[in-house]
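# Structural characterization, general
Residues per chain are reported as follows:
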Amino acid sequence: MTNLLLDLPPLSAARFASIEDRVARLLGTGQDVLITQGEALLPLEGAIRAAAGPGTTALNVITGPYGQTFGDWLRDCGATVIDLTVPFHTAVTAQQVRDAFAEHPEIDFVSLVHAEAATGNTNPVAAIGEVVREHGALFYLDAVASVGAEPVLPDAWGVDLCVIGAQKAMGGPAGVSAVSVSERAWARMAANPNAPRRSYLSLLDWKERWIDGGRKTLLHAPAQLEMLALEACVERIEAEGLETVMARHASAAAATRAGVVALGGGIAPYVRDAGDAAPVATTVRVPSGTTASELVARALAADPELPLAAGGGVLAREMIRVNHYGPDATRGTVRACLAALATALRDAGLSVDLPAALEAAERAWG
């Protein structure tokens, strides 16, 4: 008995390398790109532990929960951490980063999340990158939620460590991820005596045994099904066109935001300024007297497959996420989510105008 998922020839080193090359083209980068064999938390943590240590002074920008996690990892490495925290309903500015350098000129590492799907904001990486380059610091970027939904340009923005995952806007697998690494970042890792070695977290092991070896022999058996899914995902983006994929996400975000505003019932976009709102997901603030998790449960009663979720942690009471990414960045998904939210709000005794919401969404789609 054969099975399409099981009876596959081994994934060769050449094919593994070709998938890395396609990811590099997607990012428009000439840096080394390494596909890591795990969810994006693997290279996110591995890159911090490789590049930071007791002599590091890190500016850690917090615009959502992942920024908080990065600060914990940096402190655990022995780095001195300066947190720059902004309200989760907004984005950090390049001027705030510049001010932090003025106050702490010893900063030599900057960690930033491009787009926070958990809070629905996106940060101006290009402008921040200019500031970071002026001061010669190493620039670490989490682009897991942004890649495929908006431009991600490590080389143009001066990003030294750029981590991506395919499970959101790319519409691919969660079990593998990738990181682009600049020569400056490799040098920083090599000079760090505390960088992981002989460890699943080690990026240096892969550089020395895979990249420097001409990508001829893999370190271990790869996650074959996940790698093939990543290859298929990149092929699909190439066929549709990256610009088209990003435009679809931008339209879904604009339509959802307009629909939420027109729907009424006391809900509103969580990210106040549309310019700070991420294309990957739209977050919604629920009316006082209601609980986000309860509204989501009502909204999903008729269609549990809709990409609606309550916020995580403390945001579970006040925020709903509309995860219109990947295959869900469509008119149909946006309309269905607005209709489900309208039903949930009506069930909670609130007045809504679904026809106005659907009309506003259609106009905003563009």
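Residues numbered from 1 in each chain as written. Predicted model: local features only at pLDDT ≥ 70, side-chain atom pairs only at ≥ 80, totals over all residues. Heavy atoms only, no water.

The name an unreviewed UniProt entry gives the protein is Aminotransferase class V-fold PLP-dependent enzyme, with Streptomyces thermocarboxydus as the organism. Database annotation for the protein, UniProt heading Sequence similarities (unreviewed entry): "Belongs to the class-V pyridoxal-phosphate-dependent aminotransferase family." Under the UniProt heading Cofactor (unreviewed entry), the entry covering the protein gives this text: "pyridoxal 5'-phosphate". (UniProt positions renumbered as here; feature names shortened; annotations may be inferred.)

### Notes on the side chain of threonine 119
Position of threonine 119 relative to the elements: it lies in the loop between strand S5 (115-116) and strand S6 (121-122). Engagement of the side chain of threonine 119 in a polar contact is seen with the side chain of asparagine 121, the distance being 3.1 Å. (Helix = DSSP H or I, 4+ residues; strand = E, 2+ residues; numbered from the N terminus. Polar contact = N/O pair within 3.5 Å; in protein donor to acceptor, adjacent residues only side chain to side chain.)

### Some details on the sheet that holds strand S13 (residues 319-322)
Sheets are built from strands that pair by backbone hydrogen bonding, the pairs being arranged parallel or antiparallel. Read from one edge of the open sheet, four strands run S10-S11-S13-S12, paired in antiparallel fashion. Edge positions in the open sheet fall to strand S10 (268-269) and strand S12 (308-310), since each of these has one partner strand only. Relative to S13, S12 is paired through three bridges, and the arrangement is antiparallel. Residue pairing across strands places alanine 309 opposite arginine 321, the latter belonging to S13. (Pairing = 2+ DSSP bridges.)

### Observations concerning a nonpolar patch on the surface
Taken together, the side chains of Leu5, Leu6, Leu8 and Leu225 make up a nonpolar region of the molecular surface, amounting to roughly 390 Å² of accessible area. A relative accessible area of 42% means that leucine 225 is categorised as partly exposed. (Patch = residues over 30% accessible without salt bridge, like charges linked within 9 Å, V, L, I, M, F, W, Y side chains within 5 Å. Areas by Shrake-Rupley, 256 points an atom, 1.4 Å probe, with all protein chains shown as cover. Salt bridge = Lys/Arg side-chain N within 4 Å of Asp/Glu carboxyl O. Buried < 20%, exposed > 50% of the residue type's maximum accessible area, 1.4 Å probe, protein only.)

### So, the state of the cysteines
A full pass over the atoms with the stated rule returns zero disulfides. Cysteine 77 forms no disulfide, and the closest cysteine sulfur to it belongs to cysteine 162, at a distance of 19 Å. (Disulfide = S-S within 2.5 Å.)

### What to know about the UniProt feature "domain: Aminotransferase class V" (unreviewed entry) in the protein
Residues given the UniProt feature "domain: Aminotransferase class V" (unreviewed entry) here are residues 54-342. Between the end C-alpha atoms of residues 54-342 the distance is 52 Å, and the span holds 39% helix and 17% strand.

### Regarding the side chain of serine 111
With respect to the helices and strands, serine 111 occurs in strand S4 (residues 109-113). Look past the residues within four positions of serine 111 in its chain and what remains in contact with it is Leu59, Asn60, Val61, Phe70, Leu74 and Tyr140. (Contact = heavy atoms within 4.5 Å.)

### Some words on the environment of isoleucine 320
Within the fold, isoleucine 320 resides in strand S13. Judged by its relative accessible area of 2%, isoleucine 320 falls in the buried class. Along the backbone, isoleucine 320 and valine 296 are 24 residues apart, and their C-alpha atoms lie at a distance of 7.2 Å. Apart from residues no more than four positions distant in its own chain, isoleucine 320 is found in contact with Thr282, Thr283, Val284, Val286, Ala292, Leu295, Val296, Leu308, Ala309, Ala310 and Leu341.

### Re the sheet that holds strand S8 (residues 161-165)
Strand order in the open sheet formed by seven strands is S1-S9-S8-S7-S4-S2-S3, and the pairing between neighbours is mixed. Edge positions in the sheet fall to strand S1 (32-36) and strand S3 (80-85), since each of these pairs with one other strand and no more. Averaged over neighbouring strand pairs, the angle between their axes works out to 15° when direction is ignored. With five bridges connecting them, S8 and strand S9 (residues 177-181) associate as antiparallel partners. By the bridge assignment, isoleucine 164 is partnered in S9 with alanine 178. Sitting on the sheet, helix H5 (residues 125-134) touches S4 and strand S7 (138-142), and the angle it makes with S7 is about 160°. (Axes fitted to C-alpha atoms, helices over the stretch in contact; angles between N-to-C directions.)

### Some details on the packing of helix H7 (residues 183-190) against helix H8 (residues 203-211)
Look at H7 against H8: their axes get within 10 Å of each other, and the N-to-C directions meet at 115°. As summarised for this structure, H7 and H8 are arranged roughly perpendicular, according to the angle between their axes. Between H7 and H8 the crossing geometry is left-handed. Residues Trp186, Met189 and Ala190 of H7 lie in contact with H8, whose contacting residues are Leu203, Leu204, Lys207 and Ile211. Here the residues of the contact of H7 with H8 sort into six nonpolar, no polar and one charged. (Parallel < 35°, antiparallel > 145°, perpendicular 65-115°, else oblique. Left-handed = near helix turned anticlockwise from the far one by under 90°. Nonpolar A, V, L, I, M, F, W, Y, C, P; charged D, E, K, R; others polar.)

### A short note on helix H13 (residues 354-365)
Compared with an ideal rise of 1.5 Å per residue, which puts 12 residues at 16 Å, H13 spans 16 Å between its outermost C-alpha atoms and is within 8% of the ideal. All buried positions along H13 are accounted for by Leu354, Ala357, Leu358, Ala360, Ala361 and Trp365. Down the axis of H13, the sector holding all buried residues measures 160°, keeping them to one side. In this structure, H13 carries Pro355 and Arg363 as exposed residues pointing more than 90 degrees from its buried face. Lining the buried residues of H13 we find helix H10 (242-263) and helix H12 (331-347). (Expected span 1.5 Å × (residues − 1). Arc of directions from axis to C-beta.)

### Description of the nonpolar core
Ranked by internal contacts, the top residues of the largest apolar core, which has 83 residues, are Leu161, Met170 and Trp210. Ranked by residues supplied to this core, first place goes to helix H1 (residues 13-27) with eight residues. In contact with tryptophan 210, not counting residues within four places along its chain, are Ala13, Phe16, Ala17, Glu20, Leu34, Asp205, Arg215, Lys216, Thr217, Leu218 and Leu219. Formed by 31 residues, the second largest nonpolar core is a distinct cluster that contains Ala255, Leu300, Leu338 and Ala342. (Core = buried A, V, L, I, M, F, W, Y, C linked by side-chain atoms within 4.5 Å.)

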